[in-house]
Structure formats: structure tokens, C-alpha cells
Amino acid sequence: MTAKVLDGRALAQARSRELAGQVAAFTARHRVAPGLAAVLVGGDPASKMYVDSKARAAGRVGIRSETFHLAGDTTAGDYLALIDDLNRRDDVHGILPQLPLPPQIDPQAVFERIDPEKDVDGLSPANAGRLALGRPRLIPATPLGILVLIEHAGASVEGAEAVIVGRSNIVGRPTALLLLARNATVTICHSRTADLGAHTRRAGILVSAVGEPRLIRREMVRPGAVVIDVGNSHAGGKLVGDVDFEAVKEVAAAITPVPGGVGPMTIAMLLENTLAAARLQAEGRP
Ligand code: NAP
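Residues numbered from 1 in each chain as written. Predicted model: local features only at pLDDT ≥ 70, side-chain atom pairs only at ≥ 80, totals over all residues. Heavy atoms only, no water.

Novice: Which residues make up the packing of helix α1 (residues 8-30) against helix α6 (residues 141-152), and what values go with them?
Specialist: At their nearest, the axes of α1 and α6 sit 11 Å apart, and the two run at 105 degrees to each other. Taken together, the axis directions place α1 and α6 in an arrangement best described as roughly perpendicular. Each of G8, L11 and R15 in α1 lies in contact with α6, whose residues at this interface are V148, L149 and H152. (Axes fitted to C-alpha atoms, helices over the stretch in contact; angles between N-to-C directions. Helix = DSSP H or I, 4+ residues; strand = E, 2+ residues; numbered from the N terminus. Parallel < 35°, antiparallel > 145°, perpendicular 65-115°, else oblique. Contact = heavy atoms within 4.5 Å.)

Pasting the structure below:
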């Protein structure tokens, strides 16, 4: 079997075309475009590249975007004062703190400060709690993109054995909760899992979000599985995922490439979240 390669770029483009129409309708109705404010601290080139590509993608669908570029030694007090300003502004509907933050700024304090209705990353305690309680509102973008890719693969989530490798608050944990809400039977693996392969071999849906090249090898994958590779790391000067793509694609039913799989979907979902946040603030529902 050779797997169907799930083209995240094409899927993201198709969803963004649809989103552009919804953004235009919102803008006409409310006389203000949905607005996204990204906050970047320091000079990390990868973070700057992410923020720039999010801003360009926002522009293509009619979302107004603004980037606040702060010096690397910005104090936590100054950073939180900017968040307070953005919370108050009527033309800013989504706030995006680009991670990682420098050591003097605690990301948890930042996500606690953001107005939950503007929390387009879905990482505030209010939004993370709602997801855990099965009453989600704004959901982290990468897990949402993973779910859309799984649905695009034509996989039935209900009743499936889903195995998630990684338990971060940004990817692994919310992905597990989303799949659980759709009635998958979910296993979460992490760095202390005793026998990773014993779990991954049972998976009809396998999501790996670790950041370790070739962690998931062919013999760890059940034939016919849908494999979603979230990992991003550099090996041999190239961006690679967690999955040994060439070998695993011979046994899986569907697989995402890196790059071109989950990454573009994350940006598309962030923009969908920005419109959802704008609707929440203007109309009381996403
Ligand atoms: P993270 O916070 O570092 O979490 C990594 C997780 O992997 C942790 O739960 C860790 O377990 C687990 N882990 C580490 N080594 C393991 C091993 N050998 N076996 C099993 N589990 C192991 O990272 P993250 O923020 O979730 O991101 C994960 C990867 O996805 C990174 O490569 C990141 O760059 C990428 N990413 C991509 C996108 C995208 O849009 N494409 C978005 C976000 C993240 P413990 O909890 O026990 O430490």
C-alpha cells in the first residue's frame, strides 16, 4: 500500500478562499475588518518568519493584521501592559503572543491576561478549561488543523483507536481532547511512556507531536493507519518531521508531509479563529 499524501497547503488554500468570503461579509456587516495583533519579542529569525507569514496570510483573506515587535529585554510589566491595551482596543479581535518568550516573561501569565474572547491561540485557562469540559469555544490552531486533516483523509474518528505522541498544552493535550470529544478511544504517549511502539502499533489514527526526527518508524505503524506528523526539526539542513516518511508511507493509508502538512493548516486555522473571535465579540457567538 502507498499512502495518500495529505496536502496541507492545498487544503489550507481551499479553506482560506472560503474564509475570505466570510471575512468580507463580516466586514460589510460591522464596518470593521477582523483584526489580529501579533506580539513578537527579540530577534529570533524563525519567530519573525512565522509572524510575517501569518501577517501575509491574514492580508490575503481580508483580516487586518498588526505586528508589535518588542526588544528582547522587554520587562514582563511592559509586555502585560501592551496586552492590556490590545484587550481594550475594539479593532483588535485576536491577540497572538509569538512563542517562545524570553525567560523574564512567563507565558502562563500572558495567557491568563489575554481576554479569553481575543485568545485566538486557545491557550488561556478559560478556553483550555472549556475544551477540557467538552464545551469548546476558541480551540488551539494546530489541533484544529490536525482534526481537519484527519477528516480530509476520510477517516472515521468515532470508535477509532487514536494515539497521540506528545502531551504539550499547545498540541498533544488539546488534540487528545478534540478526538475524545469525537468519540475516538484516545491514548496519550510522552517521554516516560515505557514501550512507545506497543501503543503506536494499535493506532488507526496516529498523531506525533514531539520534534524528534525518525521517532516513528515503519514497524511502529499499523497498516492502514492515518498518520499526522506535527514535528518540526532540522536534520541535514532540512526541515523534517517525527515520522520516517518514505518508509511509513508504504504502510499507512494517509500521511502528512513535512513541510506542507500540518504547518499551513495551523495558519489557516489561526485565521478562522480570528474571524470566530471577531464574531464572538460583535455578535456574541463564534
Ligand atoms: P513540546 O512542548 O516540547 O512537547 C513535546 C512532547 O513530546 C512532550 O510531551 C514530551 O514528553 C514528548 N516527548 C519527547 N520525547 C519523546 C519521546 N522520545 N517519546 C515520546 N514522547 C516524547 O513540543 P510542542 O510544542 O508540543 O511541539 C511538538 C513538535 O511539533 C515540535 O517539533 C514543534 O516544532 C512542532 N509544532 C509544529 C506546529 C506546526 O504548525 N506544524 C505547531 C506546533 C508545534 P514530556 O511531556 O514527558 O516531556
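Novice: Before we move on, could you go through the UniProt feature "domain: Tetrahydrofolate dehydrogenase/cyclohydrolase NAD(P)-binding" (unreviewed entry) in the chain and cite the residues and values that matter?
Specialist: As annotated in UniProt, the feature "domain: Tetrahydrofolate dehydrogenase/cyclohydrolase NAD(P)-binding" (unreviewed entry) corresponds to residues 140-280 in the numbering used here. The span residues 140-280 carries 35% helix and 18% strand; its end-to-end C-alpha distance comes to 16 Å. (UniProt positions renumbered as here; feature names shortened; annotations may be inferred.)

Novice: Describe the site of the ligand, and please don't skip the residues or the numbers.
Specialist: Surrounding the ligand, one finds 19 residues, the nearest of these being R167, S168, S191, N232 and T266. Within the side chain of S191, one N or O atom sits 2.5 Å away from an oxygen atom of the ligand. Calculation on the ligand without its partners gives an accessible area of 930 Å², and the protein chains cover 68% of this total. Sorting elements by how many residues they give to the shell around the ligand places helix α10 (residues 262-283) first, with 3 residues. Along the lines of polarity and charge, the residues of the shell around the ligand split into 7 nonpolar, 10 polar and 2 charged. (Near = heavy atom within 4 Å. Polar contact = N/O pair within 3.5 Å; in protein donor to acceptor, adjacent residues only side chain to side chain. Areas by Shrake-Rupley, 256 points an atom, 1.4 Å probe, with all protein chains shown as cover. Nonpolar A, V, L, I, M, F, W, Y, C, P; charged D, E, K, R; others polar.)

Novice: Mind laying out the pairing of strand β5 (residues 161-165), listing which residues take part and the relevant values?
Specialist: Among the 5 residues that make up β5, 4 are buried, leaving the element largely enclosed by the rest of the structure. Looking at chain direction, β5 and strand β6 (residues 185-189) are connected through 5 bridges and run parallel. Pairing of V165 across the sheet is with C189, part of β6. Remark: the β5/helix α7 (residues 172-181)/β6 crossover connection has right-handed handedness. Bridge count between β5 and strand β7 (residues 205-208): 4 bridges; the pairing is parallel. Bridging across to β7, V165 finds its partner in S208. (Buried < 20%, exposed > 50% of the residue type's maximum accessible area, 1.4 Å probe, protein only. Pairing = 2+ DSSP bridges. Right-handed = clockwise from strand over helix to strand, strands pointing away.)

Novice: Break down the sheet that holds strand β11 (residues 254-255) for me, with residues and values.
Specialist: Taken in spatial order, the 6 strands make up an open sheet running β1-β11-β8-β7-β5-β6, and their pairing is parallel. The sheet is open, and its two borders are formed by β1 (4-5) and β6, each paired with just one other strand. Pairing of β1 with β11 involves 2 bridges; the strand directions are parallel. Note on β11: the bridge partner recorded for K4 is A254. Most of the contacts of α7 go to β5, to which it runs at about 170 degrees, and overall it touches β5, β6 and β7.

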